[in-house]
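What follows is the residue order along each chain.
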Amino acid sequence: MAPSPPPGPPRPPVLRRVLRAASPYAYIAPFFTLFAAFGLFPLVYTAFVSLYRVELQNPGTMEWRGLDNYTALFADEFFWTSLRNTFTIGLLSTVPQLVTALGLAHLLNYRLRGRTFFRTAMLLPYATSVAAATLVFAQLFGRDFGLVNYTLGLVGVDPVDWQTGTVASQVAVSAIVVWRWTGYNALIYLAGMQSIPHELYEAAEMDGASRWRQFFHVTLPGLRPTILFTVVVSTIGATQLFGEPLLFEGSVSGGISHQYQTLGLYLYEQGWGFFHLGRAAAIAWVMFLLILLLVGVNALLARRRSSKEAGR
């Protein structure tokens, strides 16, 4: 007769098995609880409020309007002006910002003296308060006594009214954004460059590739996921731009002719300037859908480019 197998370890009680199975969810429960309270609930409630007429003076009184807030929004010329300004300022700030950050990261990736100091200095604009930075730039771009106009006058250029002109004011606001975020993106690019295997550069150098060819054929392909990340984050930030244009002149209208009013300023003006909370909620949801659209387009273009390169 064959010997019976040795008895296995005793099974844990039911309560212990349940606690062991639920323990991973308990670790992540605080995050999802906070996200539901401060992320998901405001999002859903904003969509609910956007369907009603709600005034700031009496927020408890709600009148059903359906999609009227959205139709009135699309019929408002200032909405299209702020949308156009958002895209223009976004391009004027995002493209120079990322190109400059890429060049600075490429320089910092070499063995420079005091490179730790330069890497730390890159974060100083990002650590500076947006209010302080904008107020300083507002003085620099002053029409009569600004340093920028003084410098332009040295080369024979007439003074520019940076707060009244459409293109000039948008360039001035974009300059603030570029100054604050270039160093932040440069450090992200630098971290991505340091993750590229050094053997690729050695192989390219043995093949006779110059520094420029190494940059375009080794560094840029290796940075493609990082570049996509910075493009998406910068696109979201440009869509939500608020502090810089608000403090540049101190007006929620974005200038006397709304020449640099962004969607964020337009939302603030409708909600806290004209007290139309329902209209402001509709603007918030339009901005949210716009961000999803832009992020989706960026992801689609990146995937299509990757598939083309994989098929070569």
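Refer to the structure presented above.
Read on for an overview of the structure. Note that the structure is a prediction, hence the values are computed from the model and not measured.

Mapped onto the secondary structure, Thr81 falls in helix α3 (residues 77-108). Overall, the relative accessible area of 16% leaves Thr81 in the buried class.

A word on the packing of aromatic side chains. Applying the stated criterion across every chain, the model contains 24 aromatic pairs. Arranged with centres 6.2 Å apart and planes meeting at 50°, the rings of Phe79 and Tyr266 form a pair that is tilted. Here the residue Phe79 occupies a position in helix α3, and Tyr266 occupies one in helix α13 (residues 263-273), the gap between them amounting to 187 residues. A residue is classified by how much of its surface remains accessible, and Phe79, at 1% relative accessible area, is buried. Plain terms: the ring middles of Phe141 and Trp162 are 4.9 Å apart, the flat faces sit at 70° to each other, and that makes the pair edge-to-face. One end of the pair, Phe141, is in the loop between α6 (130-140) and α7 (147-154); the other, Trp162, is in the loop between α7 and α8 (166-194), with 21 residues separating them in the sequence. Grouping residues by exposure puts Phe141 and Trp162 together as buried. Members of the aromatic cluster, joined through ring pairs, are Phe41, Tyr45, Phe48, Tyr52 and Trp64.

Turning next to the pattern of salt bridges. Under the definition given, this model contains four salt bridges. Of the charged contacts, one joins Asp161 and Arg143 as a salt bridge, the two residues approaching to 3.8 Å between their closest N and O atoms. Placement of Asp161 in the loop between α7 and α8 and of Arg143 in the loop between α6 and α7 is noted, with a sequence separation of 18 residues between them. Glu244 is the salt-bridge partner of Arg180, the closest N and O atoms lying 3.4 Å from each other. Taken together, the positions of Arg180 in helix α8 and Glu244 in helix α12 (residues 243-249) put the pair 64 residues apart, joining distant regions of the chain. Across the pair, Glu244 and Arg180 agree in class, each one buried. By sharing partners, the salt bridges in this structure join Arg143, Asp144 and Asp161 into a single network.

This brings us to the layout of surface pockets. Empty space within the largest pocket amounts to approximately 480 Å³. Together, 16 residues line the largest pocket, and Asn109, Tyr110, His198, Tyr201 and Gln214 are the ones closest to its centre. For the lining of the largest pocket, the secondary-structure elements that each account for two or more residues are α8, α9 (198-206) and α10 (211-222). Residue classes in the lining of the largest pocket are distributed as five nonpolar, six polar and five charged. Around the second largest pocket, the lining comprises 18 residues; the ones closest to its centre are Gly90, Leu91, Thr94, Val231 and Thr235. When contributions to the lining of the second largest pocket are tallied by element, the ones reaching two or more residues are α3, α11 (224-239) and α14 (277-310). When grouped by side-chain class, the residues that make up the lining of the second largest pocket number twelve nonpolar, six polar and no charged.

Turning next to the pairing of strand β2 (residues 58-64). Pairing of strand β1 (residues 52-55) with β2, which is carried by four bridges, proceeds in the antiparallel orientation. Bridge assignment links Glu55 to a residue of β2, and that residue is Asn58.

A few words now on the nonpolar core. Judged by nonpolar contacts, the single largest core of 16 residues is most densely connected at Leu102, Ala105, Tyr189, Met193, Ile196, Val218 and Leu223. Only α3, α8, α9 and α10 provide two or more residues apiece to this core. Tallying contributions element by element places α3 first for this core, with five residues. Discounting chain neighbours no more than four positions away, the residues touching Ile196 are Tyr201, Val218, Thr219, Gly222 and Leu223. Counting 14 residues, the second-largest nonpolar core is a separate cluster that includes Phe79, Leu83, Tyr266 and Leu267.

For α11, spanning 16 residues, the distance from its first C-alpha to its last is 22 Å, which sits close to the expected 22 Å at 1.5 Å a residue. Of the positions making up α11, those classed as buried are Thr226, Thr230, Val232, Ser234, Thr235, Ala238 and Thr239.

Rules used in this analysis
- Residues numbered from 1 in each chain as written.
- Predicted model: local features only at pLDDT ≥ 70, side-chain atom pairs only at ≥ 80, totals over all residues.
- Heavy atoms only, no water.
- Helix = DSSP H or I, 4+ residues; strand = E, 2+ residues; numbered from the N terminus.
- Buried < 20%, exposed > 50% of the residue type's maximum accessible area, 1.4 Å probe, protein only.
- Phe/Tyr/Trp six-rings, centres within 6.5 Å; stacked < 30°, edge-to-face > 60°.
- Salt bridge = Lys/Arg side-chain N within 4 Å of Asp/Glu carboxyl O.
- 1 Å grid on protein atoms, 1.4 Å probe; cavity = no way out; pocket = protein on both sides within 12 Å on 5 of 7 lines; lining within 4 Å.
- Points joined across faces, edges and corners; volume = space filled by probe spheres on them.
- Nonpolar A, V, L, I, M, F, W, Y, C, P; charged D, E, K, R; others polar.
- Pairing = 2+ DSSP bridges.
- Core = buried A, V, L, I, M, F, W, Y, C linked by side-chain atoms within 4.5 Å.
- Contact = heavy atoms within 4.5 Å.
- Expected span 1.5 Å × (residues − 1).

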